[in-house]
Amino acid sequence: MSLPAKQEQYTFADVLAWSEDERVEIIEGKAFMMATPSSRHQEICGELFRQLANFLEGKRCRVYPAPFGVRLFEREGDRPEDVGTMVEPDISVVCDRSKIDRQGCKGAPDLIIEVLSPSTRRHDRLVKLNLYQRAGVREYWIADPDNESVQVFTLDGGAWKLREDYGREDVAKVNVLEGCFIELDKVFSE
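My aim in this report is to walk through the structure given alongside it, one point at a time. Because the structure is predicted, anything quoted here is derived from the model rather than measured.

## So, the overall build of the protein chain
Here's step 1: The helix and strand tally for the protein chain stands at four helices and 13 strands.
Here's step 2: Taken against the 2.2 N^0.38 rule, which gives 16 Å for 190 residues, the C-alpha radius of gyration of the protein chain at 16 Å falls within 12% of a compact globule.
Here's step 3: Principal-axis analysis of the C-alpha atoms places the extent of the protein chain at approximately 50 × 30 × 30 Å.
Here's step 4: Relative to its full complement of 190 residues, the protein chain shows a buried share of 46%.
Here's step 5: Long-range contacts, defined as pairs at least 24 residues apart, comprise 53% of the intrachain contacts of the protein chain with a sequence gap of at least 6.

So, in structure tokens, the structure goes:
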């Protein structure tokens, strides 16, 4: 994939001008190309999405799989040229429907799940972990296919707290969705 002419800073306006086939995130004006996910990655995302969607049926919150653009720091009145961060989490749960528009989500989702890939492992564990904390995402899951585990972080006083480290045989509690539990043996099935 090729980006338009190299720039020092990109905005959401640039993203809107690119082909829908191009998967790029922008973080603080810097563009990050996204690799095509593996079949294992997609199976894990699909099962997480299925369980969340089944739980949320008929409820106020909605779940969105990638590609789904999340403009974490967009404020009321911002133009696309003003928005320098847009990410595409593997899964986003949004309970405030006023945040949803035709281009995705403006503001922080309630829950974000990232499934690690060899090319995103460091990015998801460091860059996005800090970014999601700053944006006020209430809960962040990091699913690791290699270790068949899920780390759950929740915001506590504006900082992440590692809430739980689940393994394949566990049933994981979704803290921001009362009564929601995810069966990880189904998520990491072969």
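## Description of the environment of Glu 169
Here's step 1: By the element assignment, Glu 169 lies in the loop between strand 11 (159-167) and strand 12 (171-173).
Here's step 2: For Glu 169, a relative accessible area of 66% puts it in the exposed group.
Here's step 3: For Glu 169 and Ser 149, which are 20 residues apart along the polypeptide, the C-alpha to C-alpha distance reads 9.3 Å.

## Section: the packing of aromatic side chains
Here's step 1: Under the counting rule described, the total for this entry stands at six aromatic pairs.
Here's step 2: Here the aromatic cluster, defined as three or more aromatic residues joined through ring pairs, consists of Tyr 132, Tyr 140, Phe 153 and Trp 160.

## Quick look at unusual backbone geometry
Here's step 1: Ala 66 connects to Pro 67 through a cis peptide bond whose omega is 0 degrees.
Here's step 2: For Glu 28, which is not glycine, the phi torsion reads 50 degrees and is therefore positive.
Here's step 3: Of note, Glu 148 is a non-glycine position whose phi angle comes to about 45 degrees, a positive value.
Here's step 4: Relative to the helices and strands, Glu 148 resides in the loop between strand 9 (139-144) and strand 10 (149-156).
Here's step 5: A relative accessible area of 18% means that Glu 148 is categorised as buried.

## Re the environment of Arg 60
Here's step 1: Within the fold, Arg 60 resides in the loop between helix 2 (39-56) and strand 3 (62-65).
Here's step 2: The exposed category is assigned to Arg 60, whose relative accessible area is 56%.
Here's step 3: If we ignore the near neighbours within four places in the chain, the residues touching Arg 60 are Cys 95 and Arg 97.
Here's step 4: Within the structure, the side chain of Arg 60 is placed 3.2 Å from the backbone oxygen of Cys 95, a separation counted as a polar contact.

## With respect to the nonpolar core
Here's step 1: Membership of the largest hydrophobic core comes to 27 residues, with the highest contact counts inside it found for Leu 48, Leu 52, Val 93, Trp 141, Val 174, Leu 177 and Ile 182.
Here's step 2: By size, the runner-up hydrophobic cluster in this structure holds 20 residues, among which are Leu 72, Val 94, Ala 108 and Ile 112.

## Focus on the pattern of salt bridges
Opposite charge on two side chains permits them to pair, given that their charged atoms come into close proximity.
Here's step 1: A full pass over the atoms with the stated rule returns 17 salt bridges.
Here's step 2: Notably, a salt bridge pairs Lys 128 with Glu 25, separated by 2.7 Å at the nearest N-O pair. Of this pair, Lys 128 sits in helix 3 (residues 121-135) while Glu 25 sits in strand 1 (residues 24-27), placing them 103 residues apart in sequence.
Here's step 3: Judged by its relative accessible area of 2%, Lys 128 falls in the buried class.
Here's step 4: A salt bridge links Asp 101 to Arg 71; the nearest nitrogen and oxygen atoms lie 2.5 Å apart. In this pair, Asp 101 sits in strand 6 (residues 100-101) while Arg 71 sits in strand 4 (residues 70-71), placing the two residues 30 residues apart along the sequence.
Here's step 5: For Asp 101, a relative accessible area of 26% translates into the label partly exposed.
Here's step 6: For Arg 71, a relative accessible area of 1% puts it in the buried group.

## Quick notes on the state of the cysteines
Here a disulfide denotes one covalent bond, and it connects the sulfur atoms of two cysteines.
Here's step 1: Inspection of every chain in the model, using the stated rule, returns one disulfide.
Here's step 2: Paired through a disulfide, Cys 61 and Cys 95 show a sulfur-sulfur distance of 1.9 Å. In this structure the cystine formed by Cys 61 and Cys 95 twists about its S-S bond by roughly 100 degrees; its chirality is therefore right-handed. Taken as a pair, Cys 61 in the loop between helix 2 and strand 3 and Cys 95 in the loop between strand 5 (91-94) and strand 6 lie far apart in primary sequence, 34 residues in all.
Here's step 3: Relative accessible area serves as the criterion here: at 6%, Cys 61 is assigned to the buried category.

The rules behind each value
Residues numbered from 1 in each chain as written. Predicted model: local features only at pLDDT ≥ 70, side-chain atom pairs only at ≥ 80, totals over all residues. Heavy atoms only, no water. Helix = DSSP H or I, 4+ residues; strand = E, 2+ residues; numbered from the N terminus. Rg over C-alpha atoms; globule rule 2.2 N^0.38 Å. Buried < 20%, exposed > 50% of the residue type's maximum accessible area, 1.4 Å probe, protein only. Contact = heavy atoms within 4.5 Å. Phe/Tyr/Trp six-rings, centres within 6.5 Å; stacked < 30°, edge-to-face > 60°. Polar contact = N/O pair within 3.5 Å; in protein donor to acceptor, adjacent residues only side chain to side chain. Core = buried A, V, L, I, M, F, W, Y, C linked by side-chain atoms within 4.5 Å. Salt bridge = Lys/Arg side-chain N within 4 Å of Asp/Glu carboxyl O. Disulfide = S-S within 2.5 Å.

Such coordinate-based values are descriptive only and should not be taken to indicate function.
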